[in-house]
Amino acid sequence: MPEAYREEHPFEILGGRMVSMSPRPAINHNRIAGNIYRIFSLFLKGKSCEAFGDGVDLFLSEEDHFIPDGMVVCDKNKIRSNYISGAPDLVVEVLSPRTARNDRWHKKNAYETAGVTEYWIVDGANKTVEVYLLKEGSYYLDNAYSLLPDYLLEQMTEKQAEEVAAEFKCHLFDGLVIRLEDIFDRVL
């Protein structure tokens, strides 16, 4: 397919069928994807792994070609001039109303089958991050993190508020602590 057509009409291939992408991402979607890319890019500067933001093609298999909202790739042999070939180490999908079902079902299954070690599903509307980890070939939900609004925190006791996770560690990198407020910075 001509590259110019693909740029004007982005699509993914899910299970061997072509699926048009949503209209251009909303501002909040773009902010979240950009914030996550920035977090990984700054942390990985000078390291062997590399962060990729939204818009990079991922050729996972013959049947599955995706454009994730973020990826981390540690195997330089998977990086081609115009795409990533094979399973990244970490993939991030930011939910959109039109693509949420694909992100939660088909893509999640494809990432699991391909061996993506860590998969995040980020819901901007609810300000949540679900972290799935691969263990013995299957994903399990490690945890779901929510950035609670101030009015909910104010209704909690001090002890309850302290128990609400405001940050989490990326399992791929021991030294990377991710603050939810950094992921959802400027998200309305």
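Residues numbered from 1 in each chain as written. Predicted model: local features only at pLDDT ≥ 70, side-chain atom pairs only at ≥ 80, totals over all residues. Heavy atoms only, no water.

1. Some details on the state of the cysteines
Thought 1: By the definition in use, this model includes one disulfide.
Thought 2: In this model, Cys-49 is linked to Cys-74 through a disulfide, with the two sulfur atoms separated by 1.9 Å. Looking along the S-S bond of the Cys-49-Cys-74 disulfide, the torsion reads about 105°, which is the right-handed sense. Taken as a pair, Cys-49 in the loop between α2 (27-44) and β3 (50-53) and Cys-74 in the loop between β6 (70-73) and β7 (83-85) lie far apart in primary sequence, 25 residues in all. (Disulfide = S-S within 2.5 Å. Helix = DSSP H or I, 4+ residues; strand = E, 2+ residues; numbered from the N terminus.)

2. Focus: empty space enclosed by the protein
Thought 1: Evaluation of the coordinates by the stated rule reveals two cavities of 30 Å³ or more.
Thought 2: Within this model, the largest cavity holds a volume of roughly 40 Å³.
Thought 3: Around the largest cavity sit Ile-36, Tyr-37, Phe-40, Ala-51, Phe-52, Gly-70, Met-71, Val-72, Leu-90 and Val-92, which together line it.
Thought 4: Of all the elements in the fold, those that place two or more residues in the lining of the largest cavity are α2, β3, β6 and β8 (90-94).
Thought 5: Looking at the lining of the largest cavity residue by residue, the classes come out as nine nonpolar, one polar and no charged. (1 Å grid on protein atoms, 1.4 Å probe; cavity = no way out; pocket = protein on both sides within 12 Å on 5 of 7 lines; lining within 4 Å. Points joined across faces, edges and corners; volume = space filled by probe spheres on them. Nonpolar A, V, L, I, M, F, W, Y, C, P; charged D, E, K, R; others polar.)

3. Focus: the pattern of salt bridges
Thought 1: The full count for this structure, using the stated rule, is seven salt bridges.
Thought 2: Taking the shortest distance from any N to any O, the salt bridge between Glu-181 and Arg-179 comes out at 2.2 Å.
Thought 3: Residue Glu-181 is classed as partly exposed on the basis of its relative accessible area of 45%.
Thought 4: The closest approach of N and O atoms between Asp-182 and Arg-179, which form a salt bridge, is 3.3 Å.
Thought 5: Bridged by salt links that share partners, the residues Glu-93, Asp-103 and Lys-107 form one connected network. (Salt bridge = Lys/Arg side-chain N within 4 Å of Asp/Glu carboxyl O. Buried < 20%, exposed > 50% of the residue type's maximum accessible area, 1.4 Å probe, protein only.)

4. Observations concerning the sheet that holds β8
Thought 1: Spatially, the six strands line up as an open sheet ordered β3-β6-β8-β9-β10-β11, and their pairing is mixed. In the strand order of this sheet, the two ends are held by β3 and β11 (138-146), each with one partner. Neighbour-to-neighbour, the strand axes of this sheet turn through a mean angle of 15°, independent of strand direction.
Thought 2: In this structure, strand β10 (residues 128-135) lies alongside β11, joined through eight bridges in antiparallel fashion. What sits directly across from Leu-133, in β11, is Tyr-140.
Thought 3: Its contacts with the sheet place α2 against β3, β6, β8 and β9 (118-123), and it is angled at close to 165° to β3.
Thought 4: This element, helix α4 (residues 106-114), spans β8, β9, β10 and β11 of the sheet and lies at about 125° to β11. (Pairing = 2+ DSSP bridges. Axes fitted to C-alpha atoms, helices over the stretch in contact; angles between N-to-C directions. Contact = heavy atoms within 4.5 Å.)

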